[in-house]
Structure formats: structure tokens, C-alpha cells
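# An overview of the molecular structure
Listed here are the chains, written in short residue letters.
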Amino acid sequence: MQPGECWPFTGSQGYVVVQLSRKIFVTEVSIEHIPKSLAPNGMIDSAPKDCEIWGLENEMDSVGSFLGAFTYSSSGRPIQTFKVENSTAVSYRFIELKINSNHGNDHYTCLYRFRVHGYVDPTDPGSV
């Protein structure tokens, strides 16, 4: 992973919706950012900070189900995993990551990797 090889967006807030290949029961999510040692100025102020996870029934779902909130630590490991706070009996194919703040960069936020962990819904008839 190299500095700049990320999904950048303007400002400190944004969101991304990912479509999974199968419906899963979400148990955890992981966020990855470059380590401070790779950052040109030794700071990772563009890293996401306060985040939320939402499960969506479909790509047009504008409300979703709140699965949890977490804080990515700029002094932690580059990859950090967070347990879902609100486990549900519902599986999801669409997951929304809302980034509500970053670590101080007013101009942009960078998301390097976002992973969704869980187990496949056995009633899901197949992949996309």
C-alpha cells in the first residue's frame, strides 16, 4: 500500500456503499489506512476517525439498519477491526460505511481499505 492509493473524498465526511457477492450476517468490519511511517509528513490526519456501519436491504434503501459506530485510532495499527454493536437476524448484501470525521484534515479524507466480515446467509440462493 502506497500513500495516495486510496479512495479520497473532499472534506472530512463521506460515505461508501459496497455490494457483497452474497448476503451475509455482519459480525465485524475493518478499516485500513497507511501507517504514519509511510506518510510523507509523518501524520495520518486524512485517516477516517468517527464512523458508522449501516446494513441496507437493497441499493435504493435510503434508511438502512444501524449496525454500530466506532472510532479509528490514528495511534493504532494500520488495520483495525471493529465488532458490530447491533447484531441482527437480518443478512445484508449492501453495507454502508459513513465517515463522520477524520483526524484533522479539512481538505480531504482517504479510505485505503474497507472489509466486511461475517458469515454467509444459508438461505441466500447464490451470488450476484
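A short tour of the structure in this document, coming up. The numbering scheme is per chain: residues are counted from 1 as the chain's sequence reads. pLDDT decides what is reported in this predicted model: residues at 70 or higher carry local features, side-chain atom pairs at 80 or more are listed and counted, and totals for whole chains, interfaces and linings draw on all residues regardless. Note: side-chain values were computed over all heavy atoms of the structure, leaving out hydrogens and water.

### With respect to the nonpolar core
The line we're drawing: Definition of nonpolar core: a set of buried residues of the types Ala, Val, Leu, Ile, Met, Phe, Trp, Tyr and Cys, connected through side-chain atoms within 4.5 Å. Burial classification: accessible surface area is computed with a 1.4 Å probe over protein chains only, and a residue below 20% of its type maximum counts as buried, one above 50% as exposed, and the rest as partly exposed. Strands here are runs of E lasting at least two residues and helices are runs of H or I lasting at least four, both read from the DSSP assignment and numbered beginning at the N terminus. By definition, residues are in contact when any of their heavy atoms lie within 4.5 Å.
Ranked by size, the top nonpolar core spans 26 residues in total, and within it Ile53, Phe70, Leu97 and Phe114 carry the most contacts. At the level of elements, β2 (14-32), β3 (50-56), β4 (65-71), β6 (92-99) and β7 (108-111) are the ones that each hand at least two residues to this core. The greatest single-element share of this core, amounting to 5 residues, is contributed by β2. Ignoring sequence-local partners within four residues, the contact set of Ile53 consists of Val29, Ser65, Phe66, Leu67, Gly68, Phe70, Ile95, Glu96, Leu97 and Phe114.

### Remarks on the packing of aromatic side chains
The test is simple: Two rings belonging to Phe, Tyr or Trp (six-membered ring only in the last case) form a pair when the distance between their centres is within 6.5 Å. Interplanar angles under 30 degrees mark stacking, angles over 60 mark edge-to-face geometry, and anything in between is tilted. Cation placement over rings: the criterion is NZ of Lys or CZ of Arg within 6 Å of the ring centroid and within 35° of the ring normal.
Applying the stated criterion across every chain, the model contains 4 aromatic pairs. Where Trp7 meets Phe9, the ring centres are 4.8 Å apart and the plane angle is 40 degrees; that geometry is what we call tilted. We classify Phe9 as buried; its relative accessible area is 10%. It is Lys98 that lies over the ring of Trp54; its NZ or CZ is 4.7 Å from the centre.

### A few points about the pattern of salt bridges
Filter applied, for reference: We define a salt bridge as a contact between a side-chain nitrogen of Lys or Arg and a carboxyl oxygen of Asp or Glu at a distance within 4 Å.
Taken as a whole and judged by the stated rule, the model has 5 salt bridges. Arg115 is the partner of Glu32 in a salt bridge, and the nearest nitrogen-oxygen pair spans 3.4 Å. Residue Glu32 is located in strand β2, and its partner Arg115 is located in strand β8 (residues 113-120); the two are separated by 83 residues in the primary sequence. You can call Arg115 partly exposed: its relative accessible area is 33%. Between Arg93 and Asp124 there is a salt bridge, with its nearest N and O atoms 2.9 Å apart. Pair noted here: Arg93 is in strand β6 and Asp124 is in the segment after β8, with a separation of 31 residues, a long-range link. Arg93 sits in the buried class, given a relative accessible area of 17%.

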